[in-house]
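Understanding the architecture of this molecule
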Amino acid sequence: MRRLLHALTALALMLAALPEASHASSLPPLPDESLLTDSVWAREGFASLAYAFANRTRYLIALNVDHRRGVLSGKARVLYVNNDGVPHEEILFRLYPNHPFRRGRRMQIVALSVNGVPSAGQLRDASGTVFAVPLAAPIPPGGALTIEFDYTITVPAGSTFFYVSEPLPMVAVYDQTGWRQEVATKGLDYAYTETALYAVRVRAPSDYGTWFVGALKGAENHGDSTTTYTIVTGPVRNFVLVQVRGWRALSATGAAVPINVLYNGDPVGAQEIAEISAAAFNYFDRVFSPYPYAELSVIATRFPSGGEEYPTLIFVNNDRTSAYRRFITAHEVAHQWFYGLAGNDTLRHAWLDESLAQIAGYLLYKYSGYGGGNAAEEYWSHILTWYNRITTVRPINTALEDFRDFNDYMSTVYGGGAVFLRQLGEQIGDGALIAGLSAYVRQVNLGIGTPRMFFEAVQAQTAQDLRPIFCAQVGIMC
Ligand SMILES: [Zn+2]
């Protein structure tokens, strides 16, 4: 231990003296591009899904986590492909660690090159989440570029638990309204991202648990008590890196893919979350669409907002009652389908993942038999908590920006949207609703779903004309 401390002290002095050199020397090498389509990420039979993304924008990332200094150093090689149908004179990136919700974080671009030529970018918003990369010549539709970033992100020094969402510059979504640059602060979610392939190398202290989106291709231990993890994600719309020390893990039994639960605190609660995760996973996997990834990670800890979803990885609050665990775990697992597989514009049509995740949990308890006879109504009481807070009745398909505040948004999207979907199930039959949800997931298939796609997926299951009810309550098809 003492030798380790000496070594760490010497290393720290070196780092302090040579910031530029240290950035390069502590980083693992970037993963090879061929890893992007390595099959390790996939559940058996699904590896070919990655090939559809092999000629789109994709990311090679190297990260080093320095807990002592509280710095995450990174290199990102972005293999950018212009699939937007129009030429671009600049490419916009989002630096999400600078979002106002991530207080105390700071992401800084240290160096930038475009096709190997050093360049300089420009921040476009006050909080530093929009970063414009100018191009020497416009890139035509179908054109490709390699953009490389060296960057740092500040993280809590010496912490035994933190996670960094989107720990890389991510290409902003470009749609019919242009580059998406909003800094969303009225809800919980603020990142709007598209599915891409990632290969990531993370070097971190060996005594920390390193968890992430994707699957582990390999791990290499170094003499300095650090380990380099090589990670392949397959097609996912986000990445997150989790660091913990001194936590425990357990495996859920009976799930169709391995589900690993990482937890601190109450082991009984963690076991319960593992059981709920397995039951929810198996039900959604069966009725909505098969989950294509090799495994699912569940991080159970005190999580004040309730939970958070990433592809192949969710956070769940383990700090409350069993009834609450049944609610929040089902909701977060459902996001693997409504967000992960069936993505959507999370800022303008948030109900497409949040209201749908809410109703998925209700259907789970009503039809899977898990949780006992009263489980569905017990689950529903958590929906009503939000529903009963509605003070202004709005169309469910209201953009985040157009809500008055957090309560207005949450009560409509988490409460009103779910109540609408339950009524829809009562009107057309839950079987038709479930078939519609399944058709929607399969049709979106890792892309960006729209309100109209969801309407059409459900309408196809019934002879009733659903336009009046969607117009009246959702505000579409009018
Ligand atoms: Zn949610």
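Within any chain, residue numbers begin from 1 and follow the written order of that chain's sequence. Given that the model is predicted, a residue must reach a pLDDT of at least 70 before its local features are reported, and side-chain atom pairs must reach 80 or more before they are shown or counted; all residues, however, enter totals for whole chains, interfaces and linings.

Let us now look at the overall build of the protein chain. In DSSP terms, a helix is any run of H or I states spanning at least four residues, a strand is any run of E spanning at least two, and both are numbered starting from the N terminus. For the protein chain, the helix and strand inventory stands at ten helices and 24 strands. Here the globule rule reads 2.2 Å times residues to the power 0.38, and the radius of gyration is calculated from C-alpha atoms. Since a compact globule built from 478 residues should have a radius of gyration of about 23 Å, the 22 Å found for the protein chain is in line with a globular shape. Seen through its principal axes, the protein chain has C-alpha atoms that stretch 70 × 55 × 45 Å. Three exposure classes are used, based on other C-beta atoms lying within 10 Å of a residue's own C-beta, which is placed from the backbone: buried for 20 or more, exposed for 12 or fewer, and partly exposed in between. Out of the 478 residues belonging to the protein chain, those deemed buried represent 49%. A residue pair is marked as a contact if its C-beta atoms, positioned from the backbone, fall within 7 Å. Taking contacts inside the protein chain between residues at least 6 apart in sequence as the whole, the part at least 24 apart equals 69%.

Domain extents, as shown, originate in an automatic or database domain assignment. Per the domain assignment, the segments of the protein chain are domain 1 (29-241), domain 2 (247-336) and domain 3 (341-478). If you average the C-alpha positions of domain 2 and of domain 3, the two centres end up 21 Å apart. Counting from both sides, the interface comprises 15 residues of domain 2 and, opposite them, 19 residues of domain 3. Breaking the side of domain 2 that touches domain 3 down by element, the ones donating at least two residues are helix 3 (267-287) and helix 4 (322-334).

Our focus in this paragraph is the sheet that holds strand 2 (residues 71-81). Paired strands, as defined in this entry, are two strands with at least two bridges between them according to DSSP. Read across the open sheet, the eight strands follow the order 5-4-8-2-1-13-16-15; overall the sheet is mixed. Among the strands making up the open sheet, the edge pair consists of strand 5 (117-118) and strand 15 (215-221). For strand 4 (residues 107-114) and strand 8 (residues 144-154), the ladder comprises seven bridges, and the chain directions are antiparallel. Across the sheet, residue leucine 112 finds its bridge partner in strand 8, namely phenylalanine 149.

Another point: the nonpolar core. Within the largest apolar cluster, 143 residues are counted, with the highest numbers of intra-cluster contacts made by Val261, Ala280 and Ala360. If we skip the residues at most four places from it in the chain, alanine 280 touches Thr329, Ala330, Val333, Ala334 and Leu364. When buried Ala, Val, Leu, Ile, Met, Phe, Trp, Tyr and Cys residues are joined through C-beta atoms within 7 Å, the set is termed a nonpolar core.

With a phi angle near 50°, glutamate 166 is a residue other than glycine that sits in the positive phi range. Looking at glutamate 166, the number of C-beta atoms within 10 Å reads 23, which means it is buried. Positive phi outside glycine occurs at methionine 477, with the angle close to 65°. Along the polypeptide, methionine 477 turns up in the segment after helix 10 (467-474). Taking the number of C-beta atoms within 10 Å as the measure of exposure, methionine 477 has 18 and is therefore partly exposed.

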